[in-house]
Amino acid sequence: MESARTEADELIDEDYVQCLMSLDTNARASEADHSILSAPPANGSPPNPSNNMNNISVSMVKETEATMEEPKEPELGMVFESDEAAKGFYNEYARRLGFPFRVGRSRRSKGAEEVVIMKRLVCSKEGVYRKKQSGEEGMRKRERISMREGCKAMMEVIRDAPGRWVISKLEKSHNHRLGTSNRVGYLRSRANFTDTASTSSDSKPNIPNFSNPEHSTFLHQNLFDEGGDSQVLLDYFRKKQSENPDFFYALQVDSNSCVTNALWADARSKASYNCFGDVVTFDTTYKKNKYMMPVVVFSGLNHHLQPVIFGCALLVEETEFSLVWLFETWLAAMGGRAPVSIVTDQNRAVAAAVSKVFPGTRHRLCKWLILSRTKQKLSHLYNTHPALRAELESCVIESETVNSFETCWASIIEKYDLRKNSWLQVLFNIRQKWVPLYLKETFFGEMSPTQKMETMNDFYKKHFNTRTSLKVFLTQFDMTMASRYKEEVMADLDSVRTPPALKTASLIEKQAANVYTKAVFNRFQEEFVQSLGYVVQKIRDAGTLNFSVTSDEESLDTFYVTYNAARKTADCTCKNFEFCGVLCRHIFGVLLIVDPRKLPDEYFLKRWSKNAKMDLEPEAGYGLAQDSINSRYSDLCGDAIRCGEKGGATLGIYRNAKEVLQKAYEEIIMLEKDANRVVHRDPININEEITIDDAMTDQLQDSERKVTNLLGQLLSSSWSPV
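Residues numbered from 1 in each chain as written. Predicted model: local features only at pLDDT ≥ 70, side-chain atom pairs only at ≥ 80, totals over all residues. Heavy atoms only, no water.

(A) Up close: the overall build of the protein. On a plain count of helices and strands, the protein comes out with 21 helices and 19 strands. For the protein, the proportion of its 722 residues judged to be buried stands at 46%. Contacts in the protein between residues at least 24 apart in sequence constitute 65% of all its contacts with a sequence separation of at least 6. Summed over all atoms, the accessible surface of the protein reaches about 37100 Å², with 50% contributed by carbon and sulfur. (Helix = DSSP H or I, 4+ residues; strand = E, 2+ residues; numbered from the N terminus. Buried < 20%, exposed > 50% of the residue type's maximum accessible area, 1.4 Å probe, protein only. Contact = heavy atoms within 4.5 Å. Areas by Shrake-Rupley, 256 points an atom, 1.4 Å probe, with all protein chains shown as cover.)

(B) Spatial organisation of the nonpolar core. Within the largest apolar cluster, 59 residues are counted, with the highest numbers of intra-cluster contacts made by Leu326, Phe327 and Trp330. Looking at this core, the element that brings in the most residues is helix H5 (residues 320-333), giving eight residues. If near-sequence neighbours (up to four positions away) are discounted, phenylalanine 327 is found in contact with Phe282, Phe298, Val350, Ala353, Val354, Val357 and Phe358. Membership of the second largest hydrophobic core comes to 35 residues, among which are Phe443, Ile508, Val582 and Trp608. (Core = buried A, V, L, I, M, F, W, Y, C linked by side-chain atoms within 4.5 Å.)

(C) Highlighting helix H12 (residues 456-463). Within H12 the residues assigned to the buried category are Met456, Asn457, Phe459 and Tyr460. Buried residues of H12 fall within an arc of 160° about the axis and therefore sit on the same side. Of the exposed residues in H12, the ones pointing more than 90 degrees away from its buried face are Lys461 and Lys462. (Arc of directions from axis to C-beta.)

(D) The state of the cysteines, seen in detail. Scanning the entire structure with this criterion turns up zero disulfides. Here cysteine 408 stays unpaired: no disulfide links it, and the sulfur of cysteine 395, its closest cysteine neighbor, is 3.6 Å away. Cysteine 408 gets classed as partly exposed once you look at its relative accessible area, which sits at 28%. (Disulfide = S-S within 2.5 Å.)

(E) Representation of the pairing of strand E10 (residues 259-265) within the structure. Most of E10 sits out of view: seven of its seven residues are buried. Taken together, the four bridges between E10 and strand E13 (residues 307-315) define a ladder with antiparallel strand orientation. The residue of E13 that forms the bridge with alanine 262 is leucine 314. (Pairing = 2+ DSSP bridges.)

(F) Structural context of the pattern of salt bridges. For the structure on display, the rule yields 26 salt bridges. Here glutamate 84 ties to lysine 377 by a salt bridge, and the two come within 3.0 Å at their closest N and O atoms. One end of the pair, glutamate 84, is in helix H2 (residues 83-97); the other, lysine 377, is in helix H7 (residues 367-377), and 293 residues separate them in sequence. On the basis of relative accessible area, lysine 377 is assigned to the buried category, the value being 18%. For the salt bridge of lysine 415 with glutamate 391, the shortest nitrogen-to-oxygen distance reads 3.0 Å. Of this pair, lysine 415 sits in helix H10 (residues 402-415) while glutamate 391 sits in helix H9 (residues 388-398), and the two are 24 residues apart along the sequence. The network of salt bridges with shared partners includes Arg523, Glu526, Glu527 and Arg585. (Salt bridge = Lys/Arg side-chain N within 4 Å of Asp/Glu carboxyl O.)

(G) Region of interest: the packing of aromatic side chains. Summed over the entire model, instances satisfying the criterion amount to 34 aromatic pairs. Ring geometry for phenylalanine 80 versus phenylalanine 89: centroids 5.4 Å apart, planes at 50°, classification tilted. Residue phenylalanine 80 shares its accessibility class with phenylalanine 89, and that shared class is buried. Look at phenylalanine 524 and phenylalanine 528: their rings are 6.3 Å apart centre to centre, the planes differ by 10°, and that puts the pair in the stacked class. Of the two residues, phenylalanine 524 and phenylalanine 528 both sit in helix H15 (residues 518-530), four residues apart, roughly one turn of that helix. Each member of the pair phenylalanine 524 and phenylalanine 528 is classed as buried. Connected via pairs of aromatic rings, a cluster forms that spans Tyr273, Phe282, Phe298, Phe310, Phe327, Trp330 and Phe358. Here the guanidinium or amino end of arginine 364 rests over the ring plane of phenylalanine 444, the centre of that ring lying 5.1 Å away. Positioned above the aromatic ring of phenylalanine 428 is the side chain of arginine 431, whose terminal nitrogen or guanidinium carbon lies 4.0 Å from the ring centre. (Phe/Tyr/Trp six-rings, centres within 6.5 Å; stacked < 30°, edge-to-face > 60°. Lys NZ or Arg CZ within 6 Å of the ring centre and 35° of its normal.)

(H) Region of interest: the UniProt feature "domain: SWIM-type" (unreviewed entry) in the protein. Mapped onto this numbering, the UniProt entry annotates "domain: SWIM-type" (unreviewed entry) at residues 559-595. Secondary structure across residues 559-595 comprises 41% helix and 27% strand; the distance between its end C-alpha atoms is 19 Å. (UniProt positions renumbered as here; feature names shortened; annotations may be inferred.)

(I) Seen up close, unusual backbone geometry. Even without glycine at this site, lysine 568 takes up a positive phi of about 60°. Note that lysine 568 resides in the loop between strand E18 (559-564) and strand E19 (569-572). Assessed through its relative accessible area of 42%, lysine 568 is described here as partly exposed.

(J) Structural view of the environment of threonine 281. Checked against the element boundaries, threonine 281 lands in strand E11 (residues 279-283). The contacts of threonine 281, once residues within four sequence positions are left out, are Val297, Phe298, Ser299, Val343 and Met453.

(K) Summary view of the packing of helix H14 (residues 507-515) against H15. Here H14 crosses H15 at 165°, and the two axes come no closer than 10 Å. Regarding the angle of H14 to H15, the classification is roughly antiparallel. Regarding H14 and H15, the two cross each other, and that crossing is right-handed. The residues of H15 that touch H14, namely those facing Ile508, Glu509, Ala512 and Ala513, are Phe521, Phe524, Gln525 and Phe528. Of the residues in the contact of H14 with H15, the class split is six nonpolar, one polar and one charged. (Axes fitted to C-alpha atoms, helices over the stretch in contact; angles between N-to-C directions. Parallel < 35°, antiparallel > 145°, perpendicular 65-115°, else oblique. Left-handed = near helix turned anticlockwise from the far one by under 90°. Nonpolar A, V, L, I, M, F, W, Y, C, P; charged D, E, K, R; others polar.)

(L) Representation of H15. With 13 residues, H15 should cover 18 Å at 1.5 Å per step; its first-to-last C-alpha distance of 18 Å lies within 8% of that length. For H15, every residue scored as buried is listed here: Val520, Phe521, Arg523, Phe524, Gln525, Glu527 and Phe528. Check the buried side of H15 and you find it contacts H14 and helix H17 (585-594). (Expected span 1.5 Å × (residues − 1).)

(M) Structural view of the packing of H5 against helix H6 (residues 348-357). Orientation of H5 relative to H6, taken along the N-to-C sense of each, is 40°, at an axis distance of 9 Å. Between H5 and H6, the angle is such that the two are oblique. For the pair H5 and H6, the crossing hand works out as right-handed. Seen from H5, the contacting residues are Glu320, Leu323, Val324, Phe327, Glu328 and Leu331; seen from H6, they are Ala349, Val350, Ala352, Ala353, Val354, Lys356 and Val357. Classifying every residue of the contact of H5 with H6 by side-chain character gives ten nonpolar, no polar and three charged.

Below you can see the structure in the form of C-alpha cells.
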C-alpha cells in the first residue's frame, strides 16, 4: 500500500525528526557531528537593543559561509540503521548542495502492524504542477507559483531486515540550478522604509518586490504572489502606523530587494510584553496546515491566564539566518529585555537562533507538539494497543516527580515491548528539553499540567477552511485581537467588582483573594484546599524546620519542605513556585502547622496580581488608546478600575469619588453633544471677534483643576491628565 504525502506534512516530519535526532547525542553517538550553517553578520554587528527602533537605518548584513566537513555522497547499497537515519543523512547531503527535499512516496507492509518498509526522498522540484479546475464557475482563485519542475533527483531506501535500511534506487542529477549557503539581506525599519530606491552611492537596492517569482520560492507556499499581497501588507503597515505612531514593523529583504520576512508589533503588544514578557511562546504551527500562510507569533499569558500577543511575523524563509534577524529585531522592538524562558517547536534552525539571540533564556520544546507528533509516529501501535496513548500522555502530564516519571516510562516500554522503538528512545534521551518535571527551577508560568494555549493553527481552522487572502487574514486577526483586549478588560472589571468565594476562614486565603486576579486565585485556592489532605511530618530541627509531605502514607512521591521561621519563607522540592509563581500544596500543608497569619509579599508575583498593569506610563496608555474604539474603551475601563480601587478605600473617599466621577460623566455628555452639534453648526467667520469673560475663564480653570487634582489622588501620584 503506497501513500502520497503533502509537502507541508513532510516539512514537519523533516524538521521534527532532524531536530530531535540532533538533540539526542546518545542516540547519535556513533555518527559524525553535523554542524548547523551559521550566519554571523560580516559587515556590522547585531542590532543594539538599547537603540531607538524608530531610527534604525537601512543596513546590509551578509551571511558568511560556514566551514563544514564534506558529507559523504549517497551510493547504491549504502546501509542505515533506520529510515530516520537515512533521512538525516540525505538532509545533510541536500543542505550541502543547496536543495530542499521531501518524502515523495512511502510503502507499508501488509498485516496488522503495517510498518513502513520503503521511503523515497525526492527533490522538492520533483513532479509537474497540474492546474486544478475551479469547483464553481465564475469563482476566481489566486494562482500559486509551484516549485515543481520535473526534477528526477531522489534516493529510495528499503527495509530488508529489522534495523537495516538499504539504498535501492538513486538519482543524483538535478535539472535546475542548486542553491548555495551564501545569502545577502537588508534590514529596514518601518521608519525608514520607502517605495523609492536608496540614494546611497554604494548600494542602490530596487523597490522591494514581493511577487518576484525568482526569489519567492520556499517550502511551505508562495505568500507574496501575483495576487497583490505585497501592496496589501504595505498598506496595512502604513494604516496601522498612521493610527498609532508607536506601531512598529520591519522588513528583511534579499540582495535583489525582495522581501523574505516581515515583522510587526503594535503599541499594545509592546505594553503587554512589559508586563507579561517573562515567558514567551514562539508559535510556528502554521506548518501543520497546508492552507495557512506562514504566520508566526510571539505570545504569552496575562494575569487572567489569557493569551496575549507580543508580535507577529510573516516568515517566508525559515533559516537560521532569518530567524536570528527575526529574534534580534523583535527583541529590540520590545526594549531589549530578553524573556526568562521561551517555548518553541522542534526545529534545529529555531534552536540555533534562540541560543544565539537569547543566551540567558531557558529554552523548552513544546510538549503538546511532541505528543501530537508521537500520535502520528505511533499510530500503528495506538491502533493495536488503544490504551497506550492515554498511558504515555498520563506519564508525561500527571507524574509529580522525576522518579515517578522515569519509573512509569520504563513500565510502559516494558509492558508493550517498545525497547527497540527509536522514536520513544529519542524522546526519552532528550526528556530534559521537553518534560516539565526537568525544568521546574525555571519560571514558565504553567499553572496546570493540562494548560494549553490556542495556536495559530487553531485560530486558522476556527475562522477559515481553505486558502484565504492576506487582506482577509489580517482583518480577521485584528478583529480577534480586539476581542481579546475586550475580554481582558472585562476580566479586570470582574476581578475588582466581584470578590471570589472563600472556602476557609484562613487569613492567608483572604490575603490571596485581595491580591490575585480571579483566574489565578482559583489556582491558588485549589492548591490551598488540596493541602488539607496531605500528611506532614517534621523530620529535623537544626536552625530551620524540615518536613516531609506526602499525599498519603502509602504514596511513593515524597516532597520535602524547609521552613525559615525568622523570614517566614519556605522552599519545596517540587519547585512549583519557581515554575508557575504560585505556592504549592506541600508548603501550604506545612503552613497550617507552623501557623503564620500572613504570607510575605515576595510570594505574590505582581504579574499574577490585579495591579499587574499599574506601572504603565499614562503616555503609553494614551498611545494604546488611539488604535481603535475597542482600544480606547479598554484604556478608559482600566482608568475606571484604578478609580474604583482607590475610591473604595474609605467611606469619605468613596463619596468624593462618586461626586467627581458624576461630574466627569456629565462633562463627557456635554462634549458628545458639542461634537454632534459641529455637523449642523453655521459656518464660522474667522474675522468675527469673540469676547471671553476672564472671571468665567478662572472659574472653569478652577473647576477643571479641582476635578483633576482629586482624580490624581484617587489614581496615584504619578497620574496626570493627557
